[in-house]
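Remarks on the overall topology
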Amino acid sequence: FTSGRSTTALSATLYRAQDTTLTADIAALPKVVGNRASNTITVNAADIERMTFSPEPSDACVTSQILAQQPRIILVDQYGNACSNKSAQITLAGSTTTGTFTAVTNGALTPSQNLVVSTSGGIATFSSLTYNYPEGIYLRAQAGSVTGGITLGDVYSRMITFSAANELATTD
């Protein structure tokens, strides 16, 4: 300490994109001294690393009815922060497998015009999606036209099980 001030360089590594402050605290000093918070520090997201479903679409659905939870894809950095200043065009497709794309052949995701969405604030929100065949499928999200020419790997939803409406009816 020199003249009551620390001369030691302090460092902190922040990963969560947010506005925050730092407060130095020394347990041995009485609080009367008045620990002071720093000015606001803004931590921004790093470069896009991947896409993620958040939240995942509904996992149990009725054929030809709108999914209760529509898919939403978020562009995120290595720490999971949304890259709100980045953009991409996200395309959804039905797959019978996860990890390797195998196009569905029995049913179809509709309406087809809602299967390609541009991100807004790093988020692609899909709406009014339905699937018309009773089976389990995955949704594959594929990114194109990503800010900065970044190539992102495809991402798959958890399995969505579509059942015919009469299969969900209960009997006494």
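This write-up is about the structure you can find in this document.

Rules used throughout
- Residues numbered from 1 in each chain as written.
- Predicted model: local features only at pLDDT ≥ 70, side-chain atom pairs only at ≥ 80, totals over all residues.
- Heavy atoms only, no water.
- Helix = DSSP H or I, 4+ residues; strand = E, 2+ residues; numbered from the N terminus.
- Buried < 20%, exposed > 50% of the residue type's maximum accessible area, 1.4 Å probe, protein only.
- Contact = heavy atoms within 4.5 Å.
- Areas by Shrake-Rupley, 256 points an atom, 1.4 Å probe, with all protein chains shown as cover.
- Pairing = 2+ DSSP bridges.
- Axes fitted to C-alpha atoms, helices over the stretch in contact; angles between N-to-C directions.
- Core = buried A, V, L, I, M, F, W, Y, C linked by side-chain atoms within 4.5 Å.

Here's the deal with the overall build of the protein chain
- Regarding its fold elements, the protein chain presents one helix and 13 strands.
- The helix and strand sequence of the protein chain, counted from the amino end, reads β-β-β-β-β-β-β-β-β-β-β-β-β-α.
- When burial is assessed residue by residue, the protein chain has 32% of its 172 residues classed as buried.
- Pairs at least 24 apart in sequence give 64% of the contacts found in the protein chain among residues at least 6 apart.
- Carbon and sulfur atoms form 48% of the exposed surface of the protein chain, whose accessible area is close to 10,400 Å².

Concerning the sheet that holds strand S9 (residues 123-125)
- Ordered by their spatial adjacency, three strands build an open sheet running S3-S5-S9, and the pairing between neighbours is antiparallel. Strand pairing shows two members of the sheet lacking a second neighbour, strand S3 (50-53) and S9, which therefore form its edges. On average, each strand axis in the sheet is inclined to that of its neighbour by 20°, with strand direction left out of account.
- Examined bridge by bridge, strand S5 (residues 72-76) and S9 share three bridges and lie antiparallel to one another. Paired with Arg-72 across the strands is Thr-125, a residue of S9.

Points about the pairing of strand S13 (residues 160-163)
- By the bridge criterion, three bridges tie strand S4 (residues 60-62) to S13 in an arrangement that is parallel. Within the sheet, the bridge partner assigned to Val-62 lies in S13 and is Ser-163.
- Pairing analysis gives two bridges linking strand S11 (residues 136-144) to S13, with the strands arranged antiparallel. What sits directly across from Ile-137, in S13, is Ile-160.

Considerations on the nonpolar core
- The biggest cluster of nonpolar side chains holds 28 residues, and the ones touching the most others in it are Met-51, Ile-73, Leu-75, Ile-90, Leu-92, Phe-126 and Ala-141.
- Of all elements in the fold, only S3, S5, strand S6 (89-95), S11 and S13 reach the threshold of two or more residues within this core.
- Sort the elements by how many residues they give to this core and S11 lands first, with four residues.
- Apart from residues lying up to four places away in sequence, Ile-90 is in contact with Met-51, Ile-73, Leu-75, Leu-115, Val-116, Val-117, Thr-119, Ala-124, Phe-126, Ala-141, Gln-142 and Ala-143.

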